[in-house]
Amino acid sequence: MTFNNLIIDKSNFIQLITISREAKLNALNRETLKEINLAIIDAIVDENVRGIIITGAGEKAFVAGADISEFSSFNSPEGKELAKEGHQNVFDLIENCPKPIIAAINGFALGGGLELAMACHIRMASANAKMGLPEVTLGLIPGYGGTQRLPNLIGKGKAMEMILSANMITAEEALTNRLVNKVLKDKPELLKAATELMQNIIQKSPNAIKAAISAINAANKPDGFNKEIEEFSNCFGTDDFKEGVNAFLEKRKPKFN
Ligand code: COA
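Residues numbered from 1 in each chain as written. Predicted model: local features only at pLDDT ≥ 70, side-chain atom pairs only at ≥ 80, totals over all residues. Heavy atoms only, no water.

Backbone geometry at arginine 178 places phi at a positive 65°, although glycine is not the residue there. Position of arginine 178 relative to the elements: it lies in the loop between helix H7 (171-176) and strand E10 (182-184). (Helix = DSSP H or I, 4+ residues; strand = E, 2+ residues; numbered from the N terminus.)

As structure tokens, this is what we get:
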């Protein structure tokens, strides 16, 4: 599969997706969103991929938002379609991906860029990263899940402040507010740390990882506990469950396929 705006690198069961429109600070135009959709679907079906890392090309930006030039003349129905399509094809697809996804935030993550990072399961940042939802300065509000995922991650009060003020926060502030899990000194260190964490995760049961993502995503939703019970019970009887339990009983490390 070849892409115009993504660089894909698959190694050691990890698919690294680099969003690559550096001259436009990796802003998400329609074609890039389509390509992210295809790359995620490809990772889901590829048996040689167990985890995904998303980053941005260069040192300056992860993603500086949706491509403003593409929607500047949209009317309300067109805006609605843009948001609905994005939710379904990219942001919800990422959040509900059965394989773990880490956002390696290597610079500006603004608007749709921060929303992309928030749809991922885990976020890490380089020290130069800056994050924000500046849509109100464009007369908009976040349209790719930002009003929902930001309060979930950092709490309502701070989310209100960020969205209403459009102020960016630094990587350190993002760490303090639990928007990111870790801050690394630069992009190479960031990618190294993200890869190490992913290598750890993908040694665990793929079935249990998938079930945990699904159950955690159900938190804060009305049927969260039922979802957890359902996913928990679905694990019983699977090959991964048998291998995991047997390995424990036999005092050895589990080996999941
Ligand atoms: N959509 C389209 N193009 C974008 C973009 C976006 N979201 N963000 C940056 N770009 C483009 C700029 O237009 C510029 O293109 P040009 O060189 O052809 O003029 C290029 O990327 C570099 O950006 P520039 O603004 O010159 O860099 P800077 O260092 O002065 O500022 C930012 C960096 C991130 C502060 C600034 O680009 C910005 O505010 N971007 C928009 C952020 C935003 O509102 N995102 C939410 C969108 S919903």
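There's plenty left to go through after this.
Lys24, Lys60, Ala64, Ala66 and Ile68 are the nearest of the 16 residues found near the ligand. A distance of 3.0 Å separates a nitrogen atom of the ligand from a polar atom in the backbone of alanine 66. If the ligand stood free it would expose 870 Å²; the protein chains cover 59% of that surface. Looking at the shell around the ligand residue by residue, the class counts come to eleven nonpolar, one polar and four charged. (Near = heavy atom within 4 Å. Polar contact = N/O pair within 3.5 Å; in protein donor to acceptor, adjacent residues only side chain to side chain. Areas by Shrake-Rupley, 256 points an atom, 1.4 Å probe, with all protein chains shown as cover. Nonpolar A, V, L, I, M, F, W, Y, C, P; charged D, E, K, R; others polar.)

Moving on, we come to the packing of aromatic side chains. This structure, assessed with the given rule, holds three aromatic pairs. Taken together, a centroid distance of 4.3 Å and an interplanar angle of 15° make the contact between phenylalanine 91 and tyrosine 144 stacked. With phenylalanine 91 in helix H3 (residues 76-95) and tyrosine 144 in the loop between strand E8 (130-132) and helix H5 (146-154), this pair connects stretches of sequence that are 53 residues apart. Judged by centre distance (4.8 Å) and plane angle (50°), the ring pair of phenylalanine 236 and phenylalanine 241 falls under tilted. With a relative accessible area of 45%, phenylalanine 236 lands in the partly exposed category. The exposure class assigned to phenylalanine 241 is partly exposed, which follows from its relative accessible area of 31%. Through pairs of rings, three or more aromatic residues link up here, namely Phe232, Phe236 and Phe241. Of note, arginine 50 hangs over the ring of phenylalanine 13, and the distance from its end group to the ring centre comes to 5.3 Å. (Phe/Tyr/Trp six-rings, centres within 6.5 Å; stacked < 30°, edge-to-face > 60°. Buried < 20%, exposed > 50% of the residue type's maximum accessible area, 1.4 Å probe, protein only. Lys NZ or Arg CZ within 6 Å of the ring centre and 35° of its normal.)

Another aspect to go through is the packing of helix H1 (residues 30-45) against H3. Relative orientation of the contacting elements H1 and H3 amounts to 30°, with a least axis distance of 9 Å. Viewed along their axes, H1 and H3 adopt a mutual orientation that is roughly parallel. Note on packing geometry: the crossing formed by H1 with H3 is left-handed. Only Leu82, Glu85, Asn89, Val90, Phe91, Leu93 and Ile94 of H3 make contact with H1, whose side of the interface consists of Arg30, Leu33, Ile36, Asn37, Ile40, Ile41 and Ile44. Grouping the amino acids of the contact of H1 with H3 by side-chain chemistry returns ten nonpolar, two polar and two charged. (Axes fitted to C-alpha atoms, helices over the stretch in contact; angles between N-to-C directions. Parallel < 35°, antiparallel > 145°, perpendicular 65-115°, else oblique. Left-handed = near helix turned anticlockwise from the far one by under 90°. Contact = heavy atoms within 4.5 Å.)

Of all five residues that make up strand E7 (residues 122-126), five are buried, and the element is covered over most of its length. The two faces of E7 match: Ile122, Met124 and Ser126 on one face and Arg123 and Ala125 on the other face are all buried. One ladder, built from four bridges, connects strand E5 (residues 101-105) with E7; its direction is parallel. Looking at E7, one finds that isoleucine 105 is bridged to alanine 125. (Pairing = 2+ DSSP bridges.)

Domains assigned within the protein are domain 1 (6-202) and domain 2 (206-249). Relative placement of domain 1 and domain 2: their C-alpha centres are 26 Å apart. Every contact between the two is made by nine residues of domain 1 and, on the other side, six residues of domain 2. Interface of domain 1 and domain 2: buried area, both sides summed, is about 580 Å²; carbon and sulfur atoms make up 58% of it. At the junction of domain 1 and domain 2, the tally comes to zero salt bridges. Counting every contact that joins domain 1 to domain 2 gives two residue pairs in polar contact (both at pLDDT 80 or more). By residue class, the composition of the side of domain 1 that touches domain 2 is four nonpolar, three polar and two charged. (Domains from an automatic or database assignment. Buried area = accessible area lost by both parts, 1.4 Å probe. Salt bridge = Lys/Arg side-chain N within 4 Å of Asp/Glu carboxyl O.)

Applying the stated criterion across every chain, the model contains eleven salt bridges. With its nearest N and O atoms 2.7 Å apart, the salt bridge here joins lysine 10 to aspartate 46. You can see lysine 10 sitting in strand E1 (residues 6-11) and its partner aspartate 46 sitting in the loop between H1 and strand E3 (51-56), a full 36 residues away along the chain. Classification of lysine 10 by relative accessible area gives partly exposed; the value is 36%.

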